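Here are the chains, one letter per residue:
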Amino acid sequence: MAKNNFDFKAVEKKWINFWEKEKIYKFDSKSKKKIYAIDTPPPTVSGKMHIGSAGSYSQMDFIARFMRMRGFNLFYPFGTDDNGLATERLVEKSKKVLSRDMPRDKFIKLCLDYLKKENPEFIKGWKNIGISCDWDFYYSTINAHSRKISQWSFLDLYKKKRMKRRDAPSMWCPECKTGVAQVEVEDKNVPSTFVDVKLKIGKEDLIISTTRPELFPASVAVFYNPKDKRYEHLKGKTAKIPLFDIEVPILEDERTSMDKGTGIAYCATFGDQTDMEWQKAYNLPIKEAISKDGKMTKIAGKYKDMKVKEARKKIIEDLRKGGFLVKQEKITHPVNVHERCGTEIEFVKSKQWFLKYLDLKKEMLKWGAELNWHPKFMKVRYDNWVKGLRWDWLISNQRHFGIPFPVWYCKKCEEVILAREEDLPVDPLKDKPPVKMCPKCKSKEFIPEKDILNTWFTSSMTPTIAIKLTDKKTQKKLFPMNLRPQAHDIISFWLFNTVLKSQLHFKKNPWKDVTISGFVTLKGEKMSKSKGNVVTPQEVTDKYGADALRFWAASSKLGKDFDYQEKDVITGKRLITKLLNASKFVFMNLKNYDYKKLKELEKIDKLFLEKLDFIIEQATRNFEEYNYSMAKSGTEKLFWEFTDNYLEIVKKRVYSGDRNKKKSAQYTLYKSLLTFLKLFAPIIPFITEEIYQEYFKKDEKIKSIHISNWPEAKNPKSANDFDFFCDLLAKVRQTKSSAKKAMNAECVITLTKQNKKALEGMLDDFKNVTNAKEIKEGKFNVEFIEQ
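Residues numbered from 1 in each chain as written. Predicted model: local features only at pLDDT ≥ 70, side-chain atom pairs only at ≥ 80, totals over all residues. Heavy atoms only, no water.

**So, the overall build of the protein chain**
Right, on to step 1. Within the protein chain one finds 23 helices and 29 strands.
Right, on to step 2. Viewed in the frame of its principal axes, the protein chain has a C-alpha envelope of about 115 × 65 × 45 Å.
Right, on to step 3. Expressed as a percentage of contacts within the protein chain between residues at least 6 apart in sequence, the contacts between residues at least 24 apart total 78%.
Right, on to step 4. As displayed, the protein chain offers around 36,300 Å² of accessible surface, 49% of which is attributable to carbon and sulfur atoms.
Right, on to step 5. Side-chain charges in the protein chain split into 149 positive and 106 negative, and the spacing between the mean points of these groups amounts to 3 Å. (Helix = DSSP H or I, 4+ residues; strand = E, 2+ residues; numbered from the N terminus. Contact = heavy atoms within 4.5 Å. Areas by Shrake-Rupley, 256 points an atom, 1.4 Å probe, with all protein chains shown as cover. Lys, Arg positive; Asp, Glu negative; His and termini not counted. Charge placed at Lys NZ, Arg CZ, Asp CG, Glu CD.)

**Here's the deal with the sheet that holds strand E26 (residues 562-563)**
Right, on to step 1. One open sheet holds the three strands; their spatial order is E25-E24-E26, and the pairing between them is mixed. Only two strands of the sheet have a single neighbouring strand rather than two, namely strand E25 (525-526) and E26.
Right, on to step 2. The sheet contact formed by strand E24 (residues 520-522) and E26 spans two bridges and is parallel. Bridged to threonine 521 within E26 is aspartate 563. (Pairing = 2+ DSSP bridges.)

**Focus on the packing of helix H15 (residues 546-553) against helix H20 (residues 685-700)**
Right, on to step 1. Relative orientation of the contacting elements H15 and H20 amounts to 125 degrees, with a least axis distance of 7 Å. As summarised for this structure, H15 and H20 are arranged oblique, according to the angle between their axes. In contact with Ala546, Asp547 and Arg550 of H15, H20 contributes Pro685, Phe686 and Ile687.
Right, on to step 2. Of the residues belonging to the contact of H15 with H20, the class tally is four nonpolar, no polar and two charged. (Axes fitted to C-alpha atoms, helices over the stretch in contact; angles between N-to-C directions. Parallel < 35°, antiparallel > 145°, perpendicular 65-115°, else oblique. Nonpolar A, V, L, I, M, F, W, Y, C, P; charged D, E, K, R; others polar.)

**Details of the pattern of salt bridges**
Any two side chains of opposite charge can pair if their charged atoms end up close together.
Right, on to step 1. Applying the stated rule across the entire model yields 47 salt bridges.
Right, on to step 2. Between lysine 379 and aspartate 383 there is a salt bridge, with the nearest N and O atoms lying 2.6 Å from each other. Of this pair, lysine 379 and aspartate 383 both sit in helix H9 (residues 379-387), four residues apart, roughly one helical turn.
Right, on to step 3. One network of salt bridges, with partners in common, ties together Arg212, Glu214, Arg312 and Glu346. (Salt bridge = Lys/Arg side-chain N within 4 Å of Asp/Glu carboxyl O.)

**Observations regarding the side chain of serine 146**
Right, on to step 1. Relative to the helices and strands, serine 146 is located in helix H5 (residues 144-159).
Right, on to step 2. Among the residues examined, serine 146 registers a relative accessible area of 0% and is labelled buried.
Right, on to step 3. Those residues in contact with serine 146 that lie beyond four places of it in its chain are Tyr139, Ser140, Thr141, Ile403, Thr458 and Ile465. (Buried < 20%, exposed > 50% of the residue type's maximum accessible area, 1.4 Å probe, protein only.)

**Digging into helix H16 (residues 566-588)**
Right, on to step 1. The terminal C-alpha atoms of H16, which comprises 23 residues, lie 33 Å apart, in line with the 33 Å expected from a rise of 1.5 Å per residue.
Right, on to step 2. Residues Asp568, Val569, Gly572, Leu575, Ile576, Leu579, Leu580, Ala582, Ser583, Phe585, Val586 and Phe587 constitute the buried set of H16.
Right, on to step 3. Of the surrounding elements, those touching the buried residues of H16 are helix H14 (537-544), H15, helix H18 (628-656), helix H19 (659-680) and H20. (Expected span 1.5 Å × (residues − 1).)

**Re unusual backbone geometry**
Right, on to step 1. At the junction of histidine 374 and proline 375, the peptide bond is cis and its omega measures out at -5 degrees in the coordinates.
Right, on to step 2. Topologically, proline 375 is positioned in the loop between strand E15 (372-374) and H9.
Right, on to step 3. Residues phenylalanine 479 and proline 480 are joined by a peptide bond in cis, for which omega reads 0 degrees.
Right, on to step 4. By the secondary structure assignment, proline 480 is in the loop between helix H12 (472-478) and strand E22 (481-487).

**Regarding the packing of H15 against H16**
Right, on to step 1. Interaxial distance between H15 and H16 falls to 8 Å at its minimum, and their mutual angle equals 125 degrees. Here H15 is positioned oblique relative to H16, judged by the angle of their axes. The two elements H15 and H16 meet at a crossing, and its hand is right-handed. Residues Asp547, Ala548, Leu549, Phe551 and Trp552 of H15 form the contact with H16, whose participating residues are Asp568, Val569, Thr571, Gly572, Lys573, Leu575 and Ile576. (Left-handed = near helix turned anticlockwise from the far one by under 90°.)

**Things to note about the sheet that holds strand E16 (residues 393-394)**
Right, on to step 1. Pairing is antiparallel in the open sheet, where four strands are placed in the order E6-E5-E14-E16. Where the open sheet ends on each side, the last strands, each with one partner, are strand E6 (178-179) and E16.
Right, on to step 2. In the sheet, strand E5 (residues 163-173) pairs with strand E14 (residues 346-355) via 10 bridges, with the strands oriented antiparallel. Considered in E14, the bridge of arginine 165 is made with tryptophan 353.

**Things to note about the side chain of histidine 706**
Right, on to step 1. Mapped onto the fold, histidine 706 is located in the loop between H20 and helix H21 (721-738).
Right, on to step 2. Judged by its relative accessible area of 1%, histidine 706 falls in the buried class.
Right, on to step 3. Leaving out residues up to four positions away in the same chain, histidine 706 has contacts with Trp19, Tyr25, Arg65, Arg68, Met69, Ala681, Pro685, Thr688 and Glu689.

**Focus on the packing of aromatic side chains**
Right, on to step 1. If you walk through the whole model with that rule in mind, you get 51 aromatic pairs.
Right, on to step 2. Ring plane angle 65 degrees and centroid distance 6.0 Å describe the contact between tyrosine 158 and tryptophan 353, whose orientation is recorded as edge-to-face. In this pair, tyrosine 158 sits in helix H5 while tryptophan 353 sits in strand E14, placing the two residues 195 residues apart along the sequence.
Right, on to step 3. On the basis of relative accessible area, tryptophan 353 is assigned to the buried category, the value being 2%.
Right, on to step 4. An angle of 90 degrees between the planes, with centres 4.9 Å apart, marks the rings of phenylalanine 587 and phenylalanine 696 as edge-to-face. (Phe/Tyr/Trp six-rings, centres within 6.5 Å; stacked < 30°, edge-to-face > 60°.)

See the structure below:
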């Protein structure tokens, strides 16, 4: 250890290497210890680590390190989520290519080569902030192991009649050119134009209100509410759509909102969910006005090949010129956008695979209620998501990079041909189907499925992916797992789908507990490059060290968004310095100490250890309840009492006290410092390891503090005469400070009879710490002895 100038970078590097070399965090499948299994979130390989990820992964690691020290055999794997659009975009940007311009096999190879090169450095970032996973249990969501499990999931759900391929309208991203699931869509407020347009019913004008006149060429009906007396005379008539010379029936339906616009709605295939419901309910024709690349189709006439917004603008102009535009108003309204790229979603008819689950909403709520939520209020987000489900889960994506469907089709009759389980993983574009002849029509020609499985379809299998890295005997012990830690923004993405898949496959929840972390903000605002308010964890660790970053992360409660504040990091740095200095002081005064406990300790020593036992009890309970911030704050508060008060109280005794009094102080110093190190170890692992190895290992004999036993509370007391002693000490110090005297100024102290009696057994320590020549009885007073 550098005695004067602490080199935290060298220390961090030293212990990262030591922990790996000595397999400190190894899961032992042969151990008889009780297992604690964590479904570690696989971070997305999309560039540099974000400060929010560094914070939430540190919070997860606090729990992991505590459970390891508590005596559990910790199963704590690590994966990388490198299957999906984020990786595809990263490779396109880094290599300056477009996936759609390359043969699929070449682009996939480019991605895999890129990941092979970049992943070690990406993983190193997590090691650098002290994440204590067993790195031997590593998976990638695109490697053969994960592909096999994801494809098995599809086969199993197909056999359970949960998979259906439908040629139907579905949400589509024109930018990414892929179908998207409801979970991948978010609301975004965008500027638009709200127009009132005249339709013709014979000679009568009918006004409709819309934000999407570009869908007029796909019009198939006009609707009014049967309770709306204004329009009941229109029943059975037809309306003419302007510009496109289309006659459509006028129908009544209760889903038409009487107070929206004019109370008249036109149905186009497809503008939104209601349009689809109407099409199905009234068997209306299907017209496609917008293509998969976000352009107008040939039914749009002269607007063909225009982009949607361009066509909208031109159609509004032509409506005005033709005398059909009654009113035009600029508005801002929420629209569905693809959460990956922010592009407005369209509805496009295409063949897609869906996982059927809308019939399970009641069961889904029951499954969510069976989990232990930390914090409890986060369950509301799960419940609201389930209650708001309107679509089955679209699981097919039209992209190059990802896990292929294990499916071929008969070219003649489109019979689905499934891969054999023993052949997984397969790639239908390269591999032949397991049959030579269609079992239905006997054709020998097959077409491979080109689509890939949605990335969340694979990510929702992380418990199985991680567990199956172990042997079959161990796998039974690991499921269900103990904990799923994750951020609140992906409850609907990852948590919900993992619960769903686990129940459909295994009829049980994948874990017992879930911990939900919050976002990291800067001055209350979400960080973004465009705002120029991004703080990277690399900046923080380069300046202050990983322990200081982790200390900041421990300041936040679960489920709460928390601000990055440099002052919290600096407070962590200050604590680290104080730990170093306190350790030097303690061991400087432990020379010739035999490390044996006396039969009877000095009263003040006993009282302090009772206080420490109370903090042990509190910290243990808080960590067990995943309340790491309370565990940290309680430990930190008493540690500062230890350094500011206790060390000063016993200083004279350890310097020049008689044998037993000195030994009592030495025992308490040793035990207290070791206990503080253990209580801090889950949060600040580098400095605690450094101090432990420097001073304690030779006597404690345990290879690392992080596999030592968590301290046990023997006689916990939240308040005792130690507090009274410190209150009197503070009073004396304040008097000296007000008189502008040094803290070691010699004095005579007068205490009330009651207070003096309360200090019985501690008077010598009180005289020592206050440098009092005499303690008298009477009204409180401090009289200074002039030198």
